[in-house]
Amino acid sequence: MATRVLLPQFNSTFTNTTISLTRPPTTTTTRFSVLAMAESTRTTVLVTGAGGRTGQIVYKKLKERSGEYIARGLVRTEESKGKIGGDDDVLIGDIRNVESVVPAVEGVDAVVILTSAVPKMKPGFDPSKGGRPEFYFEEGSYPEQVDWEGQKNQIDAAKAAGVKQIVLVGSMGGTNLNHPLNSLGNGNILVWKRKAEQYLADSGIPYTIIRAGGLQDKEGGVRELLVGKDDELLETETRTIARADVAEVCIQVLQYEEAKFKAFDLASKPEGSGTPTKDFKSLFSQVTTRF
């Protein structure tokens with residue numbers, strides 16, 4: 001804060017001269033400046049589907065790296081919010097309604113989309129009698145509504161808010177219309193996921209599309225990761241991956257230009273085979289496909 005002081009000049013008359021005396025910044029001011037700089041260097045990341053099994057891991061990893069990231073989550077219910085701690089940075093919204101998504105993307109640098117329709121098993125299945133279980137989707141929660149319209153809404157809201165990067169997690173198998181996943185509940189889930197992926201690739205927003213192999217609830221960081229294209233990995237013995245590894249890749253792609261404007265299949269070698277992946281820049285450099 002500057003103080004104005006009037007000093008006389010030694011001549012025949014007095015004239016008013018202004019001198020600015022600036023006070024040194026206080027400790028409080030300095031502290032706030034440091035905090036503001038720290039905030040500006042961190043990346044704010046919204047995880048949608050943060051209540052899901054993979055989404056929870058991504059959200060947790062971001063929270064653990066608070067020096068680099070400001071985590072934000074989007075879930076559909078209070079119950080899901082409670083499952084991941086119930087913090088104020090977890091918002092409740094319905095991705096099927098674009099207006100419900102808008103508050104969640106405000107002030108966000110990147111969005112990791114992990115929302116997905118989930119088929120449910122019809123009651124009455126008895127595995128002891130053989131046969132296969134039947135599945136269905138709840139009304140209003142079909143893949144067309146969740147994996148297409150819901151993801152489109154997220155992309156549109158993020159683009160309007162000036163989000164700098166979108167990471168979309170899908171599934172391998174999308175090149176095969178007859179893939180068994182499409183028959184679950186007659187939902188054609190991979191068809192609708194693929195349509196959303198194409199919409200993102202055409203949006204103009206920097207993106208990374210991760211098509212994960214069969215998801216496993218295993219420890220991450222102990223396997224060699226593999227990237228591929230066009231479902232080629234499905235023809236090999238290495239077509240599964242730990243959810244924790246998918247979550248780690250979701251965060252790593254935010255750090256490297258080599259991961260932007262790319263789409264790839266993701267799987268891993270079995271634990272104990274190969275060398276656990278640590279050099280993610282090199283991994284992403286292997287990817288040459290934009291879709």
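Just above sits the structure.
Residues numbered from 1 in each chain as written. Predicted model: local features only at pLDDT ≥ 70, side-chain atom pairs only at ≥ 80, totals over all residues. Heavy atoms only, no water.

### Topic: the pattern of salt bridges
Point 1. As enumerated under the stated definition, the model contains 17 salt bridges in all.
Point 2. For lysine 63, the salt bridge goes to aspartate 87, with nearest N and O atoms at 3.1 Å. Residue lysine 63 is found in helix α2 (residues 53-64), and its partner aspartate 87 is found in the loop between α3 (78-83) and β5 (90-92); the two are separated by 24 residues along the sequence.
Point 3. Ionic pairing is found between glutamate 271 and arginine 223, a salt bridge with its closest N-O pair at 3.5 Å. Of the two residues, glutamate 271 sits in the loop between β14 (262-268) and α9 (280-285) while arginine 223 sits in the loop between β11 (214-216) and β12 (225-228), which places them 48 residues apart along the sequence.
Point 4. Owing to a relative accessible area of 53%, glutamate 271 belongs among the exposed residues under this scheme.
Point 5. With a relative accessible area of 6%, arginine 223 lands in the buried category. (Salt bridge = Lys/Arg side-chain N within 4 Å of Asp/Glu carboxyl O. Helix = DSSP H or I, 4+ residues; strand = E, 2+ residues; numbered from the N terminus. Buried < 20%, exposed > 50% of the residue type's maximum accessible area, 1.4 Å probe, protein only.)

### Topic: helix α7 (residues 189-201)
Point 1. Over its 13 residues, α7 extends 19 Å from the first C-alpha to the last, a length consistent with the 18 Å expected when each residue adds 1.5 Å.
Point 2. Among the residues of α7, Ile189, Leu190, Trp192, Lys193, Arg194, Ala196, Glu197, Leu200 and Ala201 are the ones counted as buried.
Point 3. Those residues of α7 that are buried are in contact with α5 (143-160), β9 (165-171), α6 (180-183) and β10 (207-212). (Expected span 1.5 Å × (residues − 1). Contact = heavy atoms within 4.5 Å.)

### A short note on the side chain of lysine 81
Point 1. By the secondary structure assignment, lysine 81 is in helix α3.
Point 2. Buried and without a salt bridge, lysine 81 has aspartate 88 as its closest oppositely charged side chain, separated by 4.9 Å.
Point 3. Here lysine 81 is in contact with Val75, Gly86, Asp87, Val90 and Ile92, once residues within four sequence places are set aside. (Lys, Arg positive; Asp, Glu negative; His and termini not counted.)

### Remarks on the packing of aromatic side chains
Point 1. Considering all chains together, one arrives at 6 aromatic pairs under this definition.
Point 2. An angle of 85 degrees between the planes, with centres 5.7 Å apart, marks the rings of tryptophan 148 and tyrosine 199 as edge-to-face. Here tryptophan 148, found in helix α5, pairs with tyrosine 199, found in helix α7; they are 51 residues apart in sequence, far enough to count as distant.
Point 3. Given a relative accessible area of 27%, tyrosine 199 falls into the partly exposed group.
Point 4. Considering the side-chain rings of phenylalanine 280 and phenylalanine 284, the 6.2 Å spacing of their centres and the 40 degrees angle between planes classify their relative orientation as tilted. Placement of the pair is phenylalanine 280 and phenylalanine 284 together in helix α9, with a separation of 4 residues, close to one helical turn. Phenylalanine 284 shares its class with phenylalanine 280; the two are buried.
Point 5. Grouping aromatic residues by their ring pairs yields a cluster made of Tyr256, Phe264, Phe280 and Phe284.
Point 6. The ring of phenylalanine 291 is capped by arginine 211, whose NZ or CZ atom sits 4.8 Å from the centre of that ring. (Phe/Tyr/Trp six-rings, centres within 6.5 Å; stacked < 30°, edge-to-face > 60°. Lys NZ or Arg CZ within 6 Å of the ring centre and 35° of its normal.)

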